[in-house]
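The lines below spell out each chain.
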Amino acid sequence: MKSIADINAIREQMRSKVLIRDNTKEGETHVFVGMGTVGLEAGAVEVFNAFVDEITSREIKNVRISRSGALGAADKQPYVEVVLPGKAPVAYGNLTADKVKVIVDKHVLGGEPVTDYIVK
Amino acid sequence: MELSKHMVDMITNSIEAMARHILVNMSFFGDWIILEVSDDGKGTTAEEVEAAMRGDKAPRGRGLALLKDAAEQSGGDIFVWSEEGHGTGVRATFGKDVPLGKVGDALIVFWQEMPITVITLSAVTENGAFVFDSRLIGERYGDPSEMDTMVKVRKEVNHTLTNLFGGK
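Residues numbered from 1 in each chain as written. Chains lettered and ligands numbered in written order. Predicted model: local features only at pLDDT ≥ 70, side-chain atom pairs only at ≥ 80, totals over all residues. Heavy atoms only, no water.

**Things to note about the pairing of strand 2 (residues 63–68) of chain A**
Residues and elements named next belong to chain A.
So, step 1. Of all 6 residues that make up strand 2, 6 are buried, and the element is covered over most of its length.
So, step 2. Residue alternation in strand 2 divides its side chains into two sets, V63, I65 and R67 and R64, S66 and S68, and both sets are buried.
So, step 3. Alignment of strand 1 (residues 29–34) against strand 2, held across 6 bridges, turns out to be parallel. Within strand 2, the position partnered with V31 by the bridge is I65. (Buried < 20%, exposed > 50% of the residue type's maximum accessible area, 1.4 Å probe, protein only. Helix = DSSP H or I, 4+ residues; strand = E, 2+ residues; numbered from the N terminus. Pairing = 2+ DSSP bridges.)

Written out as structure tokens, the structure reads:
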């Protein structure tokens with residue numbers, strides 16, 4: 001059984017993640033990029049910025065891009081979850097800037113997940 | 001790994017330690033580059049710091065061990081101080097050949113957290129100095145809820161720090 005101190009510690013650890021997830025506005029697509037150490041080594045910062053570039057250069061509105069704590073298995077990095085309004089999160093792995101472009105085209109704009117990149 | 005990505009790892013640790021304020025300082029003088037990250041988070045014990053430096057998972061992940069290895073391999077060193085309930089500071093010294101990376105690209109990763117956690121980034125080198133303070137985004141760059149503002153910050157930080165660090 002966990003003590004009150006243990007539970008408080010877990011609550012504190014989760015707080016930053018919860019704050020980010022609660023931040024999503026109605027009707028907004030939210031992209032979470034896993035930024036654990038393995039993700040960073042694999043190019044998570046580049047993938048985060050590739051989403052920023054795609055979204056801003058095409059003037060797409062109602063999309064929010066956030067850092068997340070470590071997401072996904074080590075061999076699936078960089079790892080991203082895309083959450084369209086009212087839909088379940090879709091997890092993508094081993095992403096690159098080129099793959100981000102396809103995801104923005106087909107999933108963020110078109111509403112259809114890119115099955116080739118989905119983590120199984 | 002580039003210095004800018006170690007910075008992301010250290011800021012992440014500070015956020016997970018519930019910091020309200022995080023101060024990042026980067027400096028470059030002569031043969032040495034120094035990266036310092038300090039926070040007012042919950043801090044930790046000396047034993048836990050040692051465990052993190054060895055690469056044990058809890059409580060600071062593998063990032064601190066990686067930073068230590070990178071600093072030492074470049075001829076530098078690392079110093080960590082932390083006190084439970086008060087905060088943590090990390091100072092890593094690197095040899096001048098360690099790549100800086102794109103600091104602006106790394107900084108904006110924390111954009112969504114900046115309304116909750118104040119992030120101040122300062123840089124000083126023989127070429128000049130620069131300060132970014134997340135509390136001044138609205139005043140200096142534009143509406144923080146607009147992604148174009150994020151891009152503006154990224155561009156300025158990348159450009160300025162590359163110049164300050166002599167194109168590294």
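After presenting the structure, the write-up continues.
**Looking at the interface of chain B and chain A**
So, step 1. Listed as interface residues are 27 residues of chain B and, on the opposing side, 27 residues of chain A.
So, step 2. Among the residues of chain B in contact with chain A, M18, Q112 and M147 of chain B are the three that bury the most area, contributing 26% of the side total.
So, step 3. Between chain B and chain A we count 5 salt bridges in total.
So, step 4. Two residues, R154 of chain B and D53 of chain A, come together in a salt bridge whose shortest N-O distance is 2.4 Å.
So, step 5. Put simply, chain B and chain A have 9 residue pairs in polar contact (both at pLDDT 80 or more) between them.
So, step 6. Going through the elements one at a time, helix 1 (3–16), helix 3 (63–73), helix 4 (103–107) and helix 6 (147–164) of chain B are the ones with two or more residues in the side of chain B that touches chain A.
So, step 7. Per-class residue counts for the side of chain B that touches chain A are 13 nonpolar, 3 polar and 11 charged. (Contact = heavy atoms within 4.5 Å. Buried area = accessible area lost by both parts, 1.4 Å probe. Salt bridge = Lys/Arg side-chain N within 4 Å of Asp/Glu carboxyl O. Polar contact = N/O pair within 3.5 Å; in protein donor to acceptor, adjacent residues only side chain to side chain. Nonpolar A, V, L, I, M, F, W, Y, C, P; charged D, E, K, R; others polar.)

**So, the pattern of salt bridges**
So, step 1. Under the criterion given, the structure shown has 13 salt bridges over all chains.
So, step 2. Close ionic contact of K61 of chain A with E146 of chain B constitutes a salt bridge, the shortest N to O distance being 4.0 Å. Of this pair, K61 of chain A sits in the loop between helix 3 (44–57) and strand 2 while E146 of chain B sits in the loop between helix 5 (137–140) and helix 6, which puts the two residues in different chains.
So, step 3. Overall, K61 of chain A belongs to the exposed group, its relative accessible area being 57%.
So, step 4. Among the ionic pairs, R135 of chain B bridges to D133 of chain B, the shortest N-O distance being 2.8 Å.
So, step 5. Residue classification places R135 of chain B among the exposed positions, given a relative accessible area of 55%.
So, step 6. By relative accessible area, which is 12% here, D133 of chain B ends up buried.
So, step 7. A network of salt bridges, in which partner residues are shared, links E46 of chain A together with E2 and K5 of chain B.

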